[in-house]
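# Close look at the chain arrangement
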Amino acid sequence: MPKHGIVPAGTVRFLAFAALVFIIGAAFTAVEPRFLSTQNISAVTRHMAANGLAALGLTLVVIVRKFDLSFAGTACFSAMTIGFMIAGGHDLWLCIMAGVLAAAIVGAFNGIAISYFGLPDIVTTIATGSIAGGLAFLYSQGRTIFRNFVTSGILDLNDARLFGYSASFFFLIALYAVAWVFMHRTRYGASFHATGENPVSAYFSGVPTRTYTMMAFIICAITSVFAVVLILAESGTADTNKGATLLMPAYAGVFLGAALLGGTSVLATLAGTLLITMLLDGFSLLGVPYYYSDGVVSAILLTGVVLFDARVRQLFSDLASFIQPVTSASEKRS
Amino acid sequence: MTDVISTHAVAERRHSKAINRIIGRYWLVATLLVMIAVFAFLKPQLLDNSNIATILRSSALMAIMILGLTWVIAAGKIDVSFMQIAALGNMTTAWLLASGSGWALAATCGVAVGAVAGLLNGTLIAILGIPPLIVTIATGGICASIAAALGKGTSIRIADAGLLGDLLFTNWGPVPVIAVIAALFYLISWYAQEKLTFGHYIFALAQNEKAVNEAGIAARSLLLFLFVFSGICSAIAGVLLAASLSSGQPMIGSSYFIDGLTAVLLGGLMLRIGKPNVLGTTTAVLLLSVLVSGSAMVGWADYQRQIVKGVLLLVGVAVAMQFGHRSSSPIQGA
Amino acid sequence: MTVPALCAKAVSKRFGRINALDDVDFVLEKGEVHALLGVNGAGKSTFIKILSGVYIKDKGVIEVDGREIDCHNPKDAIRCGIATVQQHPELVADFTGYENIFLGRESARAGFLSGIDRSVLKRRGDELLSRFPVEIDLSRRIEDMSAVEREIIAILQAIGGDHIRILILDEPTSTLTEVEKEVLFRLMNTLRASGISILYITHRLEEVMEIADRFSVFRGGRMISTMTPQQVRDKNLSLAELMLGETLGAVFPDKADPAQLGELVLDVRNLRHQRLFSNVSFQLRRGEILGVFGLVGSGIDELSKVLYGALATDAGSVELNGRKVSPKSPAEALKAGIFLVPGDRRVEGLALQQSSIFNITLANLGRASSFAGFLKRSANRRESEEFAARVALSPANVTMPVSGFSGGNQQKIVVAKGLFADADVYIFVEPTVGVDIGARAKLYGLMRELAMTSGVIVMSTDCDEAHGISDRAFALYKGRQVVPAGGVFTRNELLMAGIIGDATHA
């Protein structure tokens, strides 16, 4: 349930979350003191940036009560677009814009098909993601692109530091801050929430719901490009698999955060992403092999959703049978 | 409450004319026949005995993998973990064989892990009511991780494919024995779907879970069973694949993902439009196998096929919206 | 002295600190139609839920046919012979009538592996129809059926098990037209004749007088009194006052003084939408309320949506304050100055999980935010509180989710939303469905207030309402407008106009 502004009732949940972060951090540090080193925190923040960026757009899609399974494929497509442009010697920002444009086109296609033509979201985005992923091969028949990467300046995006920590992290925080203000303090955010909560009544209130739903898909595609740019910056090459890994952590971040903080929101996603990234990084530091990552993330997501979601829902349904008579009976008396 | 095929679009319901209905119901079969004709014309080798056997064999394996999935989606839920469950079954079998067990034990365990995974899915989705997409994304991740871990990140060689391997490669003329077995399973399933309350209730579930519950039908048990059954089917396919390839591959499922979903959804677009059914799945699986075989012969690359499959899926969904029996669906929430 | 079909003694139920039911005694005689009346929260729903096994009573005894029963769940209740039909019965849209009636009971053996034989279902269904004759084609799918047909299917499904002696109907007529109600009442008579006792909940007081043998009034968790319609007539009692426990002034406020009317606000000519309505023309002046009466399906819902831009108009023109308008969406209609209070507030009017502030400001985000799009939060809160006070929202809490308010108060929030939208024309569709008497009077007062500065149109399937609140009214009969020959329709003329399309023999 989207909340309107920062609700005081959420403070308890927020504190619980903070406690959780603290406990996890302490547990990892106890086993492996390097966890708290500047180098590691820098790595955590850098990984968080990529995951968090993709999750931000997905948050918007989930708020309008849709699902997007295509942004991984879209990210691959954009990655290769950017790589192709870089190899062509163009200015870095032009290359990135090209990637953004490519993603926006896919996002717009999703948005139009789902919002204006009423196609089902899950199946449609599976299809478009697959198509986009296939299109990624068109640029170089699937061969890795690495020409001009070093000279283009893209690697700097990975290396840039602010106060000793990864600059991309601060970019993430800034973007989330902007997103929060947008969603909770502007009419546009209100329109998004209205569209998601009850599209019919939003339409009757004059909100152009179809446009907003479409925009959610476009924004989701674009943020996944931001994420994939960071991935490209780190590896220095572009191949058709860059972006495939974005799906799981993004969903985990959005839904774990939603389960913990009681509703899908920008803040919840940030919290969820932080938790997931911390856990992944901690396990990797402890020497747990890479192929366990997906499993770890999934298990945590599942546990979080089951523990918090199911129980909360149970509680709510019990309360509901109490709340109904209370309101009307007490009203009658007054 | 979820119907993967339909949405709460603002589009008005169309009253299909008779001819539209006929097109809508049988276009898939027509497409299959046209495709065979076209490819056979271009490359007559398509119709060689050995090639037909190959097509039928891979169709059989795919069909077995997604038999349970057909009903899960028909009941209005989604399962994106089926391929990873297959991979887990596959790797479990391989790992046990490599550790010295016989085929009987290895195969049984391989199938059993599928049942366990299905049980996990079913419990969380049917009993606890957690959204199926999130659950299956997570359980899929867990299964994939365990599968990879079993092989320490790589594949496991199987020395001797045993009886199962022999069975898989036995043909009666152009028809592999395994295809006959698969066809038998499908026939039994078709009977259950059409002539027993089993199938009737599945379709009712997809429309209105509340009505089913109020009629005194144990909807939750039915759903639980469907997920367990789906897990078993996927795992059986995984075990068969182990025998077929003489190795355990942790990533075995990835190519089956799009294919599997496409087959179920395309199949859902014939006969009972918008409702996945076993005959439809059979036809769609054959269609995809012919596409794979024919396009390989004609010289298409993997990624080109991927794009075509995605487009096929999209077209299929759009066709369903156009010609199908649309019932206004409740607010969605997968 | 025959044993009553159902007998409840000293039944009580608490939820937390609230006494939902307090020491209720109740008797349902065999073969009677017994109505339950009471405002929302009076306890009748709780009582019904206990009878049908959804809730478990805290105290008291319930007897069916003289034998004490103890129901812990809906299945128990059915075993005891008590069947319930919900207000919005859950049916499988794609299945036929036959399939829905026997859902779960397709064959003697329960479970998932029994065979389905559709010819057997047809035979059983036809058999049922021969026992309870009613005009219905069971081979059609639910989604193609009308509201009363669905209600009939739900009833047939409920009584499908032979041993049902008591049938509970929860507001079965709320979505039915006058004509459809008669169909339902005929079915109820047939059921009654076969020995089934019927208990039904309704808000429509006229129905009680027409169909019930006896009725009981619930108030504040207690059963206040049971009487027959004849007793009410004899003693000249007011059912509304019985339900509210207080003297009610006139529900409808005074009409406007024709001399005081303002300028022309809305001028509609020859409006048409496909075949749903055509040639609708009317004028609306500031200060007056225009009523439109029509049965379900007469076109009034579509008319409201066309005026609001949610449906396209094929022909005709609309002029607002002298300017031609043709909104293509509610957004455009709002900008032009038209506001619709929709018929189904939960689906069309409100975002239930959000606060009143959110809902009130949603239709006029321009006013609610600055040029850059930032919401003016303190101003919005202040204005929401002002509007909440004006509509007498209770409790006066603008930050609480709207779902926590009763139906009447939710409707007030929608009205407040309209006030915030500052429209020139307000269209109300079915404004008091599911709203109890007390809140209704308040809403009517609000409409009259609104009319003083804007034009107000009230469209309703309730003739009393359409006639009572408006200064003048016309009817829509199957898409055709029926206007008074000269002057104004009387209430009976309006009723005839809407029911048969001709007011001359009223």
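Bear in mind the structure is a predicted one, so any value in this text is a computation, not a measurement.

This part covers the packing of aromatic side chains. The description of two aromatic rings rests on the distance between their centres and on the angle between their planes. Residues and elements named next belong to chain B. Evaluation of the coordinates by the stated rule reveals 30 aromatic pairs over all chains. For the ring pair F198 and F225, a centre distance of 5.9 Å and an interplane angle of 75° mean the geometry is edge-to-face. On the criterion of sequence distance, the pair formed by F198 in helix α8 (residues 197-207) and F225 in helix α10 (residues 219-245) is long-range, its members being 27 residues apart. By relative accessible area, F198 is classed as buried at 6%. Using a relative accessible area of 42% as the deciding quantity, one classes F225 as partly exposed.

Here we come to the confidence of the model for chain B. All names here are of chain B. Counting all residues, the mean pLDDT for chain B is 81, and 87% of those residues have values of 70 or more. Residue range residues 1-16 is modelled with pLDDT below 50. Its contacts to residues more than four positions away, or to other chains, number 43 contacts. Across residues 325-334, confidence stays below pLDDT 50; counting only partners more than four residues off in sequence or on other chains, it has 30 contacts.

Here we take up the pairing of strand β1 (residues 6-15) of chain C. Residues and elements named next belong to chain C. Taken across its 10 residues, β1 has seven buried, putting it largely inside the fold. For β1 and strand β2 (residues 18-28), the ladder comprises seven bridges, and the chain directions are antiparallel. Directly across from C7, in β2, lies its bridge partner V27. Pairing geometry for β1 and strand β4 (residues 59-64), over five bridges, is antiparallel. The partner of S12 across the bridge, within β4, is K59.

Residues and elements named next belong to chain C. The sheet built from four strands is open, its strands ordered β2-β1-β4-β5 with antiparallel pairing. Every other strand in the sheet has two partners, leaving β2 and β5 (67-69) as the edge strands with one partner each. For this sheet, the mean angle separating the axes of adjacent strands, direction not counted, is 30°. Where β4 meets β5, three bridges bridge the pair, whose relative direction is antiparallel. Looking across to β5, one finds that E63 is bridged to E68.

Moving on, we come to the nonpolar core. Counting residues in each nonpolar core, the largest one holds 214 residues, and the members touching the most others are Y251 of chain A together with I66 and L133 of chain B. Considering each element in turn, this core owes the most residues, 14 residues, to helix α2 (residues 49-74) of chain B. Among the nonpolar cores identified, the runner-up in size contains 68 residues, and F339, I357, M447 and V458 of chain C belong to it.

Turning next to the side chain of S460 of chain C. Residues and elements named next belong to chain C. Along the chain, S460 falls in strand β18 (residues 455-460). According to the relative accessible area criterion, S460 is buried, its value standing at 0%. Of note is the side chain of S460, whose polar atom sits 3.4 Å from the side chain of E430. Residue contacts for S460: discarding those within four places in its chain leaves V292, F293, G294, I300, E430, E465 and A466.

Right, let's get into the interface of chain B and chain A. Each side of the interface is counted separately: chain B has 42 residues, and chain A has 41 residues. Overall, the association of chain B and chain A removes approximately 3,600 Å² of surface from exposure, summing both partners, and the carbon and sulfur fraction of that is 79%. When the buried area of chain B at its contact with chain A is split by residue, I134, Y303 and L314 of chain B rank highest and sum to 18% of it. Counting across the chain B and chain A interface gives zero salt bridges. Per-element tally for the side of chain B that touches chain A: the top contributor is helix α5 (residues 132-150) of chain B, with 11 residues. Of the residues contributing to the side of chain B that touches chain A, the split by class is 30 nonpolar, 11 polar and one charged.

Here is what the cut-offs are and how they apply
- Residues numbered from 1 in each chain as written.
- Chains lettered and ligands numbered in written order.
- Predicted model: local features only at pLDDT ≥ 70, side-chain atom pairs only at ≥ 80, totals over all residues.
- Heavy atoms only, no water.
- Phe/Tyr/Trp six-rings, centres within 6.5 Å; stacked < 30°, edge-to-face > 60°.
- Helix = DSSP H or I, 4+ residues; strand = E, 2+ residues; numbered from the N terminus.
- Buried < 20%, exposed > 50% of the residue type's maximum accessible area, 1.4 Å probe, protein only.
- pLDDT = per-residue confidence, 0-100.
- Contact = heavy atoms within 4.5 Å.
- Pairing = 2+ DSSP bridges.
- Axes fitted to C-alpha atoms, helices over the stretch in contact; angles between N-to-C directions.
- Core = buried A, V, L, I, M, F, W, Y, C linked by side-chain atoms within 4.5 Å.
- Polar contact = N/O pair within 3.5 Å; in protein donor to acceptor, adjacent residues only side chain to side chain.
- Buried area = accessible area lost by both parts, 1.4 Å probe.
- Salt bridge = Lys/Arg side-chain N within 4 Å of Asp/Glu carboxyl O.
- Nonpolar A, V, L, I, M, F, W, Y, C, P; charged D, E, K, R; others polar.

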